[in-house]
Amino acid sequence: MTEQLLRVEGLAKTFPGRRSLADVLARRPAQPVRAVDGVSFELGPGEVLALVGESGSGKTTVGNLLMGLMAPSGGRVMLDGAEVGRLSARDLRLLRRRVQMVFQDPYESLNPRMTVREIVAEPLRVHRISASYAELRTRVADALTSAGLTPVDAYLGRYPFELSGGQRQRIVIAAALALQPSLLIADEPVSMLDVSIRAEILNLLSALAREQGIGVVMITHDLSTVAAYADRIAVMYLGRIVEYGPTRAVLAEPRHPYAQALLSVVPVPDPSFRRRPVILRGEMPDPSNIPSGCRFHPRCPLAFDRCPTVDPPLFEVGPGHAAACLLVEEPEAAAEPARRLG
Ligand code: SF4
């Protein structure tokens, strides 16, 4: 990667917690919810990064922090070298043009009373960008074309209810593109769409990255969704990135047991290839009560004696590939039954 569009350093977000029954009985205050707990990554122009994890892993909160929709509790987000948290109100408005979000549900993202022309023109009006009606028309038409909705005239006067799910998500993407963003945050962009049209939308996002140099952060719970479209993958667990690296390397040889478990349930198109699914025990813990040591240890099938006390950093396991697991440094521990937990 030669230049950085986005740099995230030690990003953290803590929310006030609610007092549980255990807190009341122990007469202690509510524990804060550590939704994001020290996340770092970089993204260059034209790159697609997949942020993958279960519900509750903190990936959507990371997306909201990148958008400047909430202030971080720690760490920082740098966009083109400027720290998002230190921008003036005016510069934050400018930032909102450059960072656009594509939400999960195109049915809810679109105003049913507006035509496609009005929906795509709306962000231009809000940001007072187009000086004339002719310029507005041109930018709306360009955005629709980039989103693959051609001939443009066939769509301009239509309402969302007249469009298919895939076409609606393309309208959402066109409205984001109208502002000519440098970064797109796509939060579960295809999870509400029919399986048959998911690939079209993912192809579109990856083409926009390649052809227009837009950085794309794709947030998803489904590792199989991103396998063919992301340049790099960051696997999140309980507010942290636990594995990070080029897509090919992470998929070919995941090093963190959580990434291995996620990958073990991804369907493989070759019927002769059998992969044994790894079933994790229990649920993801509450982020107001993060386990000691390695936060994955209560669910980890390979946990050993050091795991409840040592919080592993990201260890480099290959070029640009890192995993936060003590087995990277101490692989022999997995083969010593006396040291295994559970
Ligand atoms: Fe599992 Fe221990 Fe590695 Fe954590 S450090 S992922 S508990 S083996």
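Rules of the game
Residues numbered from 1 in each chain as written. Predicted model: local features only at pLDDT ≥ 70, side-chain atom pairs only at ≥ 80, totals over all residues. Heavy atoms only, no water. Helix = DSSP H or I, 4+ residues; strand = E, 2+ residues; numbered from the N terminus. Rg over C-alpha atoms; globule rule 2.2 N^0.38 Å. Areas by Shrake-Rupley, 256 points an atom, 1.4 Å probe, with all protein chains shown as cover. Lys, Arg positive; Asp, Glu negative; His and termini not counted. Charge placed at Lys NZ, Arg CZ, Asp CG, Glu CD. Pairing = 2+ DSSP bridges. Buried < 20%, exposed > 50% of the residue type's maximum accessible area, 1.4 Å probe, protein only. Salt bridge = Lys/Arg side-chain N within 4 Å of Asp/Glu carboxyl O. Polar contact = N/O pair within 3.5 Å; in protein donor to acceptor, adjacent residues only side chain to side chain. Contact = heavy atoms within 4.5 Å. Axes fitted to C-alpha atoms, helices over the stretch in contact; angles between N-to-C directions. Parallel < 35°, antiparallel > 145°, perpendicular 65-115°, else oblique. Left-handed = near helix turned anticlockwise from the far one by under 90°. Nonpolar A, V, L, I, M, F, W, Y, C, P; charged D, E, K, R; others polar. Near = heavy atom within 4 Å.

A closer look at the overall build of the chain
Stage number 1. The number of helices and strands found in the chain is twelve helices and twelve strands.
Stage number 2. For 342 residues, the compact-globule formula gives about 20 Å, and the C-alpha radius of gyration of the chain, at 22 Å, lands near that figure.
Stage number 3. Taken over the C-alpha atoms alone, the chain extends approximately 75 × 55 × 40 Å along its principal axes.
Stage number 4. Per element, the accessible surface of the chain, about 16700 Å² overall, is 51% carbon and sulfur.
Stage number 5. Both charge centroids of the chain, one from 39 positive and one from 37 negative side chains, sit 5 Å from each other.

Re the sheet that holds strand E5 (residues 82-83)
Stage number 1. One open sheet holds the four strands; their spatial order is E2-E1-E4-E5, and the pairing between them is antiparallel. One side of each edge strand has no neighbouring strand; the edge strands of this open sheet are strand E2 (33-43) and E5.
Stage number 2. Here strand E1 (residues 6-15) pairs with strand E4 (residues 74-79) via five bridges, running antiparallel. Counterpart to Leu6 in the pairing with E4 is Leu79.

What about the pairing of strand E6 (residues 99-102)?
Stage number 1. In E6, alternate side chains face the same way, and those of Val99 and Met101 on one face and Gln100 and Val102 on the other are all buried.
Stage number 2. Bridge count between E6 and strand E7 (residues 183-187): four bridges; the pairing is parallel. Following the sheet pairing, Gln100 is matched in E7 by Leu184.

As for helix H2 (residues 59-66)
Stage number 1. For H2, the tally of buried residues reaches seven of eight residues, placing the bulk of the element in the interior.
Stage number 2. Buried within H2 we find Lys59, Thr61, Val62, Gly63, Asn64, Leu65 and Leu66.
Stage number 3. Just downstream of H2, Gly68 is the residue with a positive phi angle, here 75 degrees.

Focus on the side chain of Lys59
Stage number 1. With respect to the element layout, Lys59 can be found in helix H2.
Stage number 2. The buried charged residue Lys59 lacks any salt bridge, with Glu188 as its nearest oppositely charged partner at 4.1 Å.
Stage number 3. A distance of 3.1 Å separates the side chain of Lys59 from the backbone oxygen of Gly53, its partner in a polar contact.
Stage number 4. If near-sequence neighbours (up to four positions away) are discounted, Lys59 is found in contact with Leu51, Val52, Gly53, Glu54, Glu188, Ile219, Thr220, His221 and Met236.

A look at the environment of Arg86
Stage number 1. Along the chain, the position of Arg86 falls in the loop between E5 and helix H3 (89-98).
Stage number 2. What makes Arg86 exposed here is its relative accessible area of 69%.
Stage number 3. Residues Arg86 and Arg76, ten residues apart in the sequence, show an inter-C-alpha distance of 9.3 Å.
Stage number 4. A polar contact of 3.0 Å, which involves the side chain of Arg86, links it to the side chain of Glu83.

Here we look at the sheet that holds strand E10 (residues 240-246)
Stage number 1. Read across the sheet, eight strands follow the order E6-E7-E8-E3-E9-E10-E12-E11 without closing on themselves; strand pairing throughout is mixed. The sheet terminates laterally at E6 and strand E11 (315-318), the two strands that pair on one side only. In this sheet, adjacent strand axes meet at a mean angle of 25 degrees when their direction is disregarded.
Stage number 2. As judged from the five bridges shared by strand E3 (residues 48-52) and strand E8 (residues 215-220), these two strands associate in the parallel manner. Bridged to Val52 within E8 is Thr220.

Brief notes about the packing of helix H8 (residues 165-177) against helix H9 (residues 195-212)
Stage number 1. The N-to-C vectors of H8 and H9 enclose an angle of 15 degrees; their axes lie 9 Å apart at closest approach. Classified by the angle their axes make, H8 and H9 are roughly parallel. As for the relative orientation of H8 and H9, their crossing is right-handed in sense. Residues Gly165, Gly166, Gln169, Arg170, Ile173 and Leu177 of H8 lie in contact with H9, whose contacting residues are Ile197, Glu200, Ile201, Leu204, Leu205 and Leu208.
Stage number 2. Per-class residue counts for the contact of H8 with H9 are seven nonpolar, three polar and two charged.

Focus on the site of the ligand
Stage number 1. Around the ligand, the structure places His256, Pro257, Cys294, Phe296, His297, Cys300, Leu302, Ala303, Cys307, Cys325, Leu326 and Leu327.
Stage number 2. When grouped by side-chain class, the residues that make up the shell around the ligand number ten nonpolar, two polar and no charged.

Details of unusual backbone geometry
Stage number 1. The residue after Thr150, namely Pro151, is reached through a cis peptide bond having omega -5 degrees.
Stage number 2. Checked against the element boundaries, Pro151 lands in the loop between helix H6 (133-146) and helix H7 (153-156).
Stage number 3. Unlike most non-glycine residues, Asp80 shows phi in positive territory, near 50 degrees.
Stage number 4. Examined against the element boundaries, Asp80 turns out to sit in the loop between E4 and E5.
Stage number 5. Exposure remark for Asp80: the relative accessible area of 47% places this residue in the partly exposed category.
Stage number 6. Positive phi outside glycine occurs at Arg128, with the angle close to 50 degrees.

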